[in-house]
Amino acid sequence: MIRLLGVLNKRLENFDEVPEDVSEFENPNIPSGYTYVLQLIAHDCVRTSTPFWAVPDALPISRNTRLARLQLDTLYGEGPSACPHAYAPDDAEDTSRTRLGIGRMRAAPDRPADGGFFRDIPRAGVIRAGNGPAKPNPADPLIADPRNEDNALVAQVTTLFCMLHNVIVDMLSGLNGRDARAIEKRFVCARAATTMIYRHILCHDVLRRILDCDVREAYEAKVLAADDPSMLLHREDGQEDGFVSVPLEFSHGAFRFAHSMVRPLYRTNGSTRVPVTSALMATSARRPAAMPLGEAWILRWSNFFELPEVEGSKPNFSLRVGPRYTKGMFNTTLFPSPFTEDDTGAGERRHGVAFLDLLSAERAGLWSVNALYEEARIRMTKRGWPDVFAKSGMATPEARRDAVKKFLLRERPLSDVPCEEDIKALSEDPPLPFYVQLEAELDGKGERLGPLGSILVGEVIYDALMEHRLPGEDHGQPLGEKLGALLRQFRQPPEVLSDAARVCDMAALVSFVHRNRVPEEGEPKFL
């Protein structure tokens, strides 16, 4: 099977090395900031110590330790007491910590070392050996989940949500006080409000961009509007040994679709385009001496979300979802093969993000594509759901088999065409991460997921929204009413967060933070 994955992986690279001019591949439905919001969401659902691709027998030890999904644990950790390094002191004496840490960006060469604006994640100064006298270098990230610094772009999205929390803390003036109870209430209320805004954006912005419209409408009607926590594909083994389980078909199958959305080049804060490989290298682990992030990686948010108040701005759009990856995602330095070179045959390629995703899916023992379709149809009939596959061009096993065959036989160098035996094996049992991307390309025109991919993603997201509700959270209400109900539990007037109630999507979140944080003059601009 591993050889087959290598064969498929080579087809993915050779077919769609995305060129520098990506306009024909761009997704007008999804600005590129959402690519990295989705990465943050993935970290908020799943946390494992051992990737399946790294160890052949990883399944028994690779456990999801994320106890509560979509609670922003990836941002807050276990709170100021258990995770103090992620929080900033409230005063000079460091008597309490209710704000998340924000770090200085690297100052421009013509400015003093402490002249950088606070636009990066916080980092610790560590003595590192080198030529000349040892100097502390602020490299190690001071955040609850180190994966949120996997690249410079997700680090910036993390910083944005930290800023959101801090703005909410500042708005909760009625909870000010120096006694321990007042401090705890202020933090708990600010965290709940920030998480409520995040979940509202996820439900009413992110899912509406990525899910098939019929699938989304079915979940909104059957789950949210009906206030019914029973999901379409609820698994009876949803909890094991006290740990919350996320179906592997989500974590190692469908949600890997976002890797195909990564652009080869990004305009970060000006007109100059920088390669994604540089963003992937700009981390404390890979380039500690280059930390904190410099001006090149401090994002101007109108380049990543559609901000109507910034006249003439046009964001980088993500790439359309499909079985294609930008060339940087096959970088052998960043994503080397877990196998020795001698293991790789002439007709295959065993490195890059795509191969690691395929290998993880194979080792995780996911349900087959055909089995998922069959089970979904049984459940839809049993629970009175509409047939969300009715409009799909891949609703039958024969249609799916033909679609995979056509993909494998698209025009490419003749030397790379798989043999008939490999084509037959892959078309009859396609790996789930690849199939979800192909379905999105054919059924969703690459602008959103197809029906099966949408079900696998929707199951986990909607289930978490229903199962782990916040105080005062009613998914049928506008954000303002939900925030008001939360504030009443803390004996606060609803108008305290009236401005926050306007945050309906990521663009509105950016604008809200910009309006309410202390403005900083100079470059790079925030909007």
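Structural data are supplied above this passage.
All figures in this text were calculated on a predicted structure; none of them were measured in a lab.

1. Focus: the overall build of the chain
Part 1 of the reasoning: Looking only at helices and strands, one finds 16 helices and twelve strands in the chain.
Part 2 of the reasoning: For the chain, restricting intrachain contacts to residue pairs at least 6 apart in sequence, the fraction spanning at least 24 positions comes to 72%.
Part 3 of the reasoning: Here the chain has roughly 22300 Å² of accessible surface; of this, 51% comes from carbon and sulfur atoms.

2. Topic: the packing of aromatic side chains
Part 1 of the reasoning: Counted according to the given criterion, the structure contains 16 aromatic pairs.
Part 2 of the reasoning: Taking the centre distance of 5.7 Å and the plane angle of 75 degrees together, the rings of Tyr-87 and Phe-187 count as edge-to-face. Here Tyr-87, found in strand S2 (residues 87–88), pairs with Phe-187, found in helix H5 (residues 180–210); they are 100 residues apart in sequence, far enough to count as distant. The pair Tyr-87 / Phe-187 is uniform in exposure class, with both members buried.
Part 3 of the reasoning: With centroids separated by 5.1 Å and ring planes inclined at 10 degrees, the aromatic side chains of Tyr-219 and Tyr-462 adopt a geometry described as stacked. Separated by 243 residues along the polypeptide, Tyr-219 in helix H6 (residues 213–225) and Tyr-462 in helix H14 (residues 451–467) bring together distant segments of the chain.
Part 4 of the reasoning: On the accessibility criterion, Tyr-219 (1% relative accessible area) is buried.
Part 5 of the reasoning: On the basis of relative accessibility, which here comes to 0%, the residue Tyr-462 falls in the buried class.
Part 6 of the reasoning: By the ring-pair criterion, three or more aromatic residues cluster together here, those being Tyr-34, Trp-301 and Phe-305.

3. Some remarks on the pairing of strand S1 (residues 26–31)
Part 1 of the reasoning: The buried fraction of S1 amounts to five of the six residues, a majority that puts the element mostly inside the structure.
Part 2 of the reasoning: Inspection of the sheet shows S1 paired to strand S12 (residues 317–319) by two bridges, in the antiparallel sense. Bridged to Pro-31 within S12 is Phe-317.

4. A look at the pattern of salt bridges
Part 1 of the reasoning: Under the defined criterion, the tally for this structure stands at 25 salt bridges.
Part 2 of the reasoning: Salt-bridge contacts for Arg-199 lead to Glu-473; the nearest nitrogen and oxygen are separated by 2.9 Å. Within this pair, whereas Arg-199 is found in helix H5, its partner Glu-473 is found in the loop between H14 and helix H15 (479–489), the two being separated by 274 residues in sequence. Comparing Arg-199 with Glu-473, the two get one shared label, buried.
Part 3 of the reasoning: Where salt bridges share partners, they join Arg-69, Asp-463 and Glu-467 into one cluster.

5. Focus on unusual backbone geometry
Part 1 of the reasoning: Here the residue pair Met-291 and Pro-292 is connected by a cis peptide bond, since its omega of 0 degrees sits within 30 degrees of zero.
Part 2 of the reasoning: The phi torsion at Lys-445 lies on the positive side, around 55 degrees, for a residue other than glycine.
Part 3 of the reasoning: Relative to the elements of secondary structure, Lys-445 occurs in the loop between helix H13 (432–443) and H14.
Part 4 of the reasoning: When its relative accessible area of 64% is taken as the criterion, Lys-445 is described as exposed.
Part 5 of the reasoning: Even without being glycine, Arg-491 reaches a positive phi, approximately 55 degrees.
Part 6 of the reasoning: By the element assignment, Arg-491 lies in the loop between H15 and helix H16 (506–516).

6. Concerning empty space enclosed by the protein
Part 1 of the reasoning: Taken as a whole, this structure holds three cavities of 30 Å³ or more when the rule is applied.
Part 2 of the reasoning: Every residue lining the largest cavity is counted, 13 residues in all, and those nearest its centre are Leu-75, Ile-143, Ala-144, Thr-158 and Cys-162.
Part 3 of the reasoning: Those elements that provide at least two residues to the lining of the largest cavity are helix H3 (73–76) and helix H4 (152–171).
Part 4 of the reasoning: Among the residues forming the lining of the largest cavity, the class breakdown is eight nonpolar, four polar and one charged.
Part 5 of the reasoning: Put simply, the second largest cavity is a space of about 40 Å³.
Part 6 of the reasoning: Lining the second largest cavity, in full, are Val-37, Ile-41, Phe-161, Tyr-198, Ile-201, Leu-202, Val-206 and Met-506.
Part 7 of the reasoning: For the lining of the second largest cavity, the secondary-structure elements that each account for two or more residues are helix H2 (33–45) and H5.
Part 8 of the reasoning: By residue number, the principal contributor to the lining of the second largest cavity is H5, which donates four residues.

Reading the values: rules and limits
- Residues numbered from 1 in each chain as written.
- Predicted model: local features only at pLDDT ≥ 70, side-chain atom pairs only at ≥ 80, totals over all residues.
- Heavy atoms only, no water.
- Helix = DSSP H or I, 4+ residues; strand = E, 2+ residues; numbered from the N terminus.
- Contact = heavy atoms within 4.5 Å.
- Areas by Shrake-Rupley, 256 points an atom, 1.4 Å probe, with all protein chains shown as cover.
- Phe/Tyr/Trp six-rings, centres within 6.5 Å; stacked < 30°, edge-to-face > 60°.
- Buried < 20%, exposed > 50% of the residue type's maximum accessible area, 1.4 Å probe, protein only.
- Pairing = 2+ DSSP bridges.
- Salt bridge = Lys/Arg side-chain N within 4 Å of Asp/Glu carboxyl O.
- 1 Å grid on protein atoms, 1.4 Å probe; cavity = no way out; pocket = protein on both sides within 12 Å on 5 of 7 lines; lining within 4 Å.
- Points joined across faces, edges and corners; volume = space filled by probe spheres on them.
- Nonpolar A, V, L, I, M, F, W, Y, C, P; charged D, E, K, R; others polar.

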